[in-house]
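The primary structure of each chain is shown beneath.
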Amino acid sequence: MPELPEVETVRRGLEPVLVGASITRVEQRRPDLRIPFPENFSARLTGRRVERLTRRAKYILVHLDDGTTLIIHLGMSGRISIIGTGMLGAFTHNQGGRDAHDHVVLRLSNGAEIVYNDPRRFGLMDIAVSAALESHPLLAGLGVEPLGPDLTPELLARHAAGRRSDLKSFLLDQRIIAGLGNIYVCEALYRSRLNPARAASCLATPTGKPNARTSVLIPHIRTVLNEAIEAGGSTLRDYAQTDGSLGYFQHRFQIYGREGEPCLSPACRGKVRRTVQAGRSSFFCPVCQR
DNA sequence: ATTGAGTCCTGAAGGC
DNA sequence: TGCCTTCAGGACTCAA
């Protein structure tokens, strides 16, 4: 399930193949994903050269030479594969044949094919005017980038003050911090020794100033994301030799998915518990997360 | 105004 | 073995 680190890994994998190349052919194999494809989707992309590839939260942004930007979200089952180039080390699987869930195929001037596959179709694509990208409906309401300079103790405390929702929901709220998903919220709270059921307001003093918890949590968010991005980078190479998928981190989880197993903290005898918050699983150690 | 519940979708996994 | 049910999850929409 792609969260920020996996999306960033995909972006980095695509960058050397896409940037500088032109899109020579677009194969759109169904009318919609989570939302309909924009009008004339194929025609608007065909012939365009890719100038830059960036990321905002969990969105991949493909900046094109005509002042438009292709916006891609992977949802939860979206995968992007590169086929038929030696640039990432021979992705050759599946070449020629199409999977039923290969929804978009971009043929590039350098001979590569970019295949978007998404069984559950929670992903989406849209095309925006680059100059107005930040005000696009999908991006306008997004909060700060967790790895950028805007995530400060002051900002987090200001949003947390007076909040009645729990920490878990607060950190999943893309309008505050953009890019965190279920897994990395669990991991960051575990490392911070914070119980996901606590009130979000515990991150602020009564006057809305940062406290000790705020300054513990932020570095853990950054560390877990950065470690995951690094792990994605290494598995990217592994995957290039097997099936071509990009991004895979689950061997690094310290808490997520470990219900009933012992807490990994050296001195802790707790067992990992699972609860459901906001319809999503929370994994935590009831002994050391308070 | 927040906040929670419902919704979309399909493959995997578990139960019988 | 195979059918059936449940669950996973991002982010939007709608109701309280």
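Residues numbered from 1 in each chain as written. Chains lettered and ligands numbered in written order. Predicted model: local features only at pLDDT ≥ 70, side-chain atom pairs only at ≥ 80, totals over all residues.

Structural notes on the overall build of chain A
Along its length, chain A carries seven helices and 10 strands. Taking all 290 residues of chain A together, 39% fall into the buried category. The long-range fraction of contacts in chain A, counting pairs at least 24 apart against all pairs at least 6 apart in sequence, stands at 69%. (Helix = DSSP H or I, 4+ residues; strand = E, 2+ residues; numbered from the N terminus. Buried ≥ 20, exposed ≤ 12 C-beta atoms within 10 Å, placed from the backbone. Contact = placed C-beta atoms within 7 Å.)

A short note on the protein's contact with DNA strand C
The full set close to DNA strand C counts 16 residues, and K58, R120, G181, N182 and S281 are the nearest of them. Here the surface near DNA strand C is composed, by residue class, of five nonpolar, six polar and five charged. (Near = placed C-beta within 6 Å. Nonpolar A, V, L, I, M, F, W, Y, C, P; charged D, E, K, R; others polar.)

Considering the confidence of the model for chain A
Averaged over all residues, the pLDDT of chain A is 87; the fraction at 70 or higher stands at 89%. With pLDDT under 50 throughout, residues 87-95 is counted as low confidence; its partners more than four residues away or in other chains account for 19 contacts. Confidence drops under pLDDT 50 across residues 233-243; counting only partners more than four residues distant or on other chains, this segment forms 17 contacts. (pLDDT = per-residue confidence, 0-100.)

Looking at the sheet that holds strand β5 (residues 79-83)
Read from one edge of the open sheet, four strands run β1-β6-β7-β5, paired in antiparallel fashion. The outermost strands of the open sheet, each flanked by one partner alone, are β1 (23-28) and β5. Looking at each pair of strands side by side, their axes are set apart by 15° on average, direction ignored. Pairing of strand β6 (residues 102-108) with strand β7 (residues 113-117) involves five bridges; the strand directions are antiparallel. Bridge pairing in β7 places D102 opposite N117. (Pairing = 2+ DSSP bridges. Axes fitted to C-alpha atoms, helices over the stretch in contact; angles between N-to-C directions.)

Section: the pairing of strand β3 (residues 59-64)
Note: strand β2 (residues 50-56) against β3, six bridges, orientation antiparallel. Among the inter-strand pairings, L53 is bridged to a residue of β3, identified as V62. Connecting β2 to the next strand, β3, in antiparallel fashion are two residues, including A57 with a positive phi near 55°. Judged from the five bridges that link them, β3 and strand β4 (residues 68-73) form a sheet pairing that is antiparallel.

Concerning helix α4 (residues 153-160)
Spacing of three or four residues puts side chains on the same side of an α-helix, whose turn is 3.6 residues. Along α4, the residues that are buried comprise L156, A157, H159 and A160. Taken down its axis, α4 places every buried residue within 165° of arc, on the same side. Once α4 finishes, G162 follows within two positions and takes phi at roughly 75°, a positive value. (Arc of directions from axis to C-beta.)

Here's the deal with the sheet that holds strand β8 (residues 124-129)
Strand order in the open sheet formed by four strands is β2-β3-β4-β8, with antiparallel pairing between adjacent strands. Unpaired on one side and paired on the other, β2 and β8 mark the two borders of the sheet. Here the strands of the sheet are splayed against their neighbours by 20° on average, with no regard to which way each runs. Seen against the sheet, helix α1 (residues 4-18) touches β2 and β3 and runs at an angle of roughly 175° to β2.

A short note on the environment of V216
With respect to the helices and strands, the residue V216 is situated in helix α7 (residues 212-240). Considered as a pair, V216 and D99 are 117 residues apart in the sequence and their alpha carbons are 45 Å apart.

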